[in-house]
Amino acid sequence: MVIETIGLATRPLAGQVVCGDSGAYWVTDERIVLTLADGLGHGPEAARASQAAVDAVGAALHLSCEEILARCDGVLHTTRGAAQVVVVIERASGRGTVACVGNMRAQLVQRHGHAWFACTRGIVGAGYRNLDVQSVMLVSGDILLLYSDGLPEQSIPYERCSDTAVSAEDQARELLDTLAHGRDDASVLLYRHG
Ligand SMILES: [Mn+2]
């Protein structure tokens, strides 16, 4: 069920062996946590930063969105840093909180509209101020789409990512393959709220 509703796809910049973008998701009894991180630059050092960001989230799943990002900021100070988005969804209520630092795209895609989540200026690992933590009440069918700047910023039509005959994993891969501009590492994380 989880595999069907959450999908992650990443692709390194051409010529690179490792991808500087990393993402992951976790499902606990109470919550679903999503994160996507874009390590500054490319290559192994970028991958090390973004993977450290993902690992830090995994070790802090019980905390608030804001606290999770603060943990990441602390851990990443020994790396070159990253842009990162963290989403925490309370499964019982459908309440989601979203916090994004740096250049990362987070979009709510609904049957009848779109909303962008704001990104706070800064670098995870080098600090940020006035973190903008945003809330959303998710209803069945809503989609959260997180992607790095390896894809151009654009509103993705609901029909493009809501076909439940296609797994979220395949859908994330399709979006990445068709939209990544090829001049940077690229990543897409797609979540369908059931
Ligand atoms: Mn990038």
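All values derive from a computational prediction rather than experimental measurement.

As a further point, take the overall build of the chain. Helix and strand counts for the chain stand at five helices and 12 strands. Over its C-alpha atoms the chain spans a radius of gyration of 15 Å, differing by no more than 12% from the 16 Å that the globule rule assigns to 194 residues. In terms of its C-alpha atoms, the chain occupies a principal-axis envelope of roughly 40 × 35 × 25 Å. Residues classed as buried in the chain amount to 53% of the 194 residues present. Sequence-distant contacts, at least 24 apart, represent 68% of the contacts inside the chain between residues at least 6 apart. Carbon and sulfur atoms provide 51% of the accessible area of the chain, an area that totals close to 8400 Å². Side chains of the chain carry 15 positive and 23 negative charges; the gap between the two charge centres is 3 Å.

Our focus in this paragraph is the nonpolar core. Core analysis: the largest hydrophobic core is formed by 22 residues, its most contacted members being Val57, Ile68, Leu69 and Val86. Elements that contribute at least two residues to this core include exactly strand E3 (31-39), helix H2 (43-58), helix H3 (65-75), strand E4 (82-90) and strand E5 (95-101). Every residue in contact with Ile68, bar those within four places of it in the chain, is listed here: Val57, Ala60, Leu63, Val86 and Val88. Listed in part, the 21 residues of the second largest apolar core include Ile89, Ala106, Leu138 and Leu144.

Another aspect to go through is the coordination of the manganese ion. For the manganese ion, the protein coordination sphere consists of Asp38 (OD), Asp149 (OD) and Asp184 (OD), at 2.1 to 2.3 Å. One chain supplies every donor to the manganese ion, and in sequence these donors are spaced D-x110-D-x34-D. Remark: Asp149 occurs in the loop between strand E11 (143-148) and helix H4 (158-161) and Asp38 occurs in strand E3; sequence separation between them is 111 residues. Taking the relative accessible area as the measure of exposure, Asp38 reaches 7% and is therefore buried.

This part takes up the pattern of salt bridges. Applying the stated rule across the entire model yields four salt bridges. Close ionic contact of Arg31 with Glu90 constitutes a salt bridge, the shortest N to O distance being 2.9 Å. Within this pair, whereas Arg31 is found in strand E3, its partner Glu90 is found in strand E4, the two being separated by 59 residues in sequence. Among the salt bridges present, the one from Glu45 reaches Arg48, with a minimum N-O distance of 3.3 Å. Taken together, the residues span about one helical turn, with Glu45 and Arg48 both in helix H2 at a distance of three residues.

An ideal rise of 1.5 Å per residue puts 16 Å on 12 residues; helix H5 (residues 168-179) measures up with 16 Å between its terminal C-alpha atoms. Ala168, Gln171, Ala172, Leu175, Leu176 and Leu179 are the residues of H5 that are buried. Along the axis of H5, the buried positions cluster into a sector of 135°, meaning they face one direction only.

Cut-offs used in this document
- Residues numbered from 1 in each chain as written.
- Predicted model: local features only at pLDDT ≥ 70, side-chain atom pairs only at ≥ 80, totals over all residues.
- Heavy atoms only, no water.
- Helix = DSSP H or I, 4+ residues; strand = E, 2+ residues; numbered from the N terminus.
- Rg over C-alpha atoms; globule rule 2.2 N^0.38 Å.
- Buried < 20%, exposed > 50% of the residue type's maximum accessible area, 1.4 Å probe, protein only.
- Contact = heavy atoms within 4.5 Å.
- Areas by Shrake-Rupley, 256 points an atom, 1.4 Å probe, with all protein chains shown as cover.
- Lys, Arg positive; Asp, Glu negative; His and termini not counted.
- Charge placed at Lys NZ, Arg CZ, Asp CG, Glu CD.
- Core = buried A, V, L, I, M, F, W, Y, C linked by side-chain atoms within 4.5 Å.
- Donors = N, O, S within 2.8 Å, 3.2 Å for Na, K, Ca; no water.
- Salt bridge = Lys/Arg side-chain N within 4 Å of Asp/Glu carboxyl O.
- Expected span 1.5 Å × (residues − 1).
- Arc of directions from axis to C-beta.

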